[in-house]
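# Notes for the structure review
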Amino acid sequence: MLKDSDLFRRNVAGIAMLAWPVLEFLAFLTSPPGTDHPPAVFASRPVQVQTSALLFQWAAMALIPAILGLAHLLRVRMPRTGNVGAAIGLTGAASAVALFTTDFYDLALAQTVPAEQAVRVTEAAGALGGFVYGMLLPGFLAHVGVLALMTGLALAKAGPWWLPLATLMGIVGPFLTMGQTPAVQSIGALFQLAAFGWVGVRVLRMPVAGWAAA
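Residues numbered from 1 in each chain as written. Predicted model: local features only at pLDDT ≥ 70, side-chain atom pairs only at ≥ 80, totals over all residues. Heavy atoms only, no water.

### Some words on the overall build of the protein
Helix and strand counts for the protein stand at 12 helices and zero strands. Along its sequence from the N terminus, the protein presents helices and strands in the succession α-α-α-α-α-α-α-α-α-α-α-α. For 214 residues, the compact-globule estimate of 2.2 N^0.38 gives 17 Å, and the protein sits close to it at 18 Å. For the protein, the spread of C-alpha atoms along the principal axes amounts to about 60 × 35 × 30 Å. Expressed as a percentage of its 214 residues, the buried residues of the protein come to 41%. A separation threshold of at least 6 residues defines the contact pool for the protein, and within that pool the share at least 24 residues apart is 78%. (Helix = DSSP H or I, 4+ residues; strand = E, 2+ residues; numbered from the N terminus. Rg over C-alpha atoms; globule rule 2.2 N^0.38 Å. Buried < 20%, exposed > 50% of the residue type's maximum accessible area, 1.4 Å probe, protein only. Contact = heavy atoms within 4.5 Å.)

### Regarding the nonpolar core
Generally speaking, a soluble globular protein has its nonpolar side chains buried in company with each other. The biggest cluster of nonpolar side chains holds 36 residues, and the ones touching the most others in it are L63, M150, L153, F196 and V199. For this core, the secondary-structure elements that each account for two or more residues are helix 1 (5-30), helix 3 (46-73), helix 4 (79-99), helix 8 (141-155), helix 9 (163-176) and helix 11 (187-205). Apart from residues lying up to four places away in sequence, V199 is in contact with M17, L70, L73, M150, L153 and L163. (Core = buried A, V, L, I, M, F, W, Y, C linked by side-chain atoms within 4.5 Å.)

### Things to note about helix 11
End to end, helix 11 covers 27 Å across 19 residues, agreeing with the expected 27 Å (1.5 Å per residue, within 8%). At F196, helix 11 shows its largest kink, close to 30°. Contacts from the buried residues of helix 11 go to helix 1, helix 3, helix 8, helix 9, helix 10 (182-185) and helix 12 (208-213). (Expected span 1.5 Å × (residues − 1). Bend = angle between axes of the 7 residues up to and from the residue.)

### Concerning unusual backbone geometry
Unusually for a residue other than glycine, K157 sits at a positive phi of about 60°. As for its position among the elements, K157 is in the loop between helix 8 and helix 9.

### Examining the packing of aromatic side chains
Tallying each qualifying case throughout the model produces four aromatic pairs. Seen in terms of ring centroids, F28 and F56 are 5.0 Å apart; in terms of plane orientation they differ by 85°. Their pairing is edge-to-face. Placement of F28 in helix 1 and of F56 in helix 3 is noted, with a sequence separation of 28 residues between them. By the burial criterion, F28 is buried, and F56 matches it. When the ring of F56 is compared with that of F100, the centres are 5.0 Å apart and the planes differ by 10°; the resulting orientation is stacked. Highlighted residues: F56 in helix 3 and F100 in the loop between helix 4 and helix 5 (102-112), separated in sequence by 44 residues. We classify F56 as buried; its relative accessible area is 14%. (Phe/Tyr/Trp six-rings, centres within 6.5 Å; stacked < 30°, edge-to-face > 60°.)

### Some thoughts on the packing of helix 3 against helix 11
Their axes nearest at 12 Å, the elements helix 3 and helix 11 cross at an angle of 70°. As summarised for this structure, helix 3 and helix 11 are arranged roughly perpendicular, according to the angle between their axes. Relative to helix 11, helix 3 is oriented so that their crossing is left-handed. Every residue of helix 11 that contacts helix 3 at L63, A66, L70 and L73 is listed here: F196, V199, R202 and V203. Its residues assigned to classes, the contact of helix 3 with helix 11 comprises seven nonpolar, no polar and one charged. (Axes fitted to C-alpha atoms, helices over the stretch in contact; angles between N-to-C directions. Parallel < 35°, antiparallel > 145°, perpendicular 65-115°, else oblique. Left-handed = near helix turned anticlockwise from the far one by under 90°. Nonpolar A, V, L, I, M, F, W, Y, C, P; charged D, E, K, R; others polar.)

### Quick word on the packing of helix 5 against helix 6 (residues 115-126)
Helix-helix packing is characterised by the crossing angle of the two axes and by the distance between the axes. One way to put it is that helix 5 packs onto helix 6 with a least axis distance of 8 Å and a crossing angle of 155°. By the angle between their directions, the pair helix 5 and helix 6 is classed as roughly antiparallel. Helix 5 and helix 6 meet at a crossing whose hand is right-handed. Taken together, the residues of helix 6 that come into contact with helix 5 (itself represented by D106, L109 and A110) are A118, V121 and T122.

Spelled out as structure tokens, the structure:
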């Protein structure tokens, strides 16, 4: 497989499309309960915090080849949509990868300094302009890019009409269920799995020549 670049890229793209929503589902499912996570919550669940943070990070990493795969499917049918969607989505996904490392610093603070001090440090870091405008807000661009790509697939008749709808439900789901249990918040990822799973399975079943010519 490594000698056939088209086969390798097709498989990586298809597997990534399946992996990212599954990892996101597991990340939400293992995340600490509640909207706000005070130091006491982090300190009492060190393994859970690290597991969820790693799963979120791996999900963001898997989203990168998934986005490239979606853009590849649009390079002939709707090249502008594919290129713009990929550029926006990749910027967001790359930013999101870095975002989830902050959980490890929050956990370290919760374990080593008084709770009041940990809160002050976390709030000060979260208010820094570089973090807000250089990392946090750009991370949301991943949603914009993915939605654009899924919409392009539907408009190009390369996928069913419900692809962008399921993707949108997967995006807004976690925000609409904030404050609910992790099990409820994880439901949004199932909508992503429906959309990305449909495309991912189709990609993995494509002949290599069909993928190369897509």
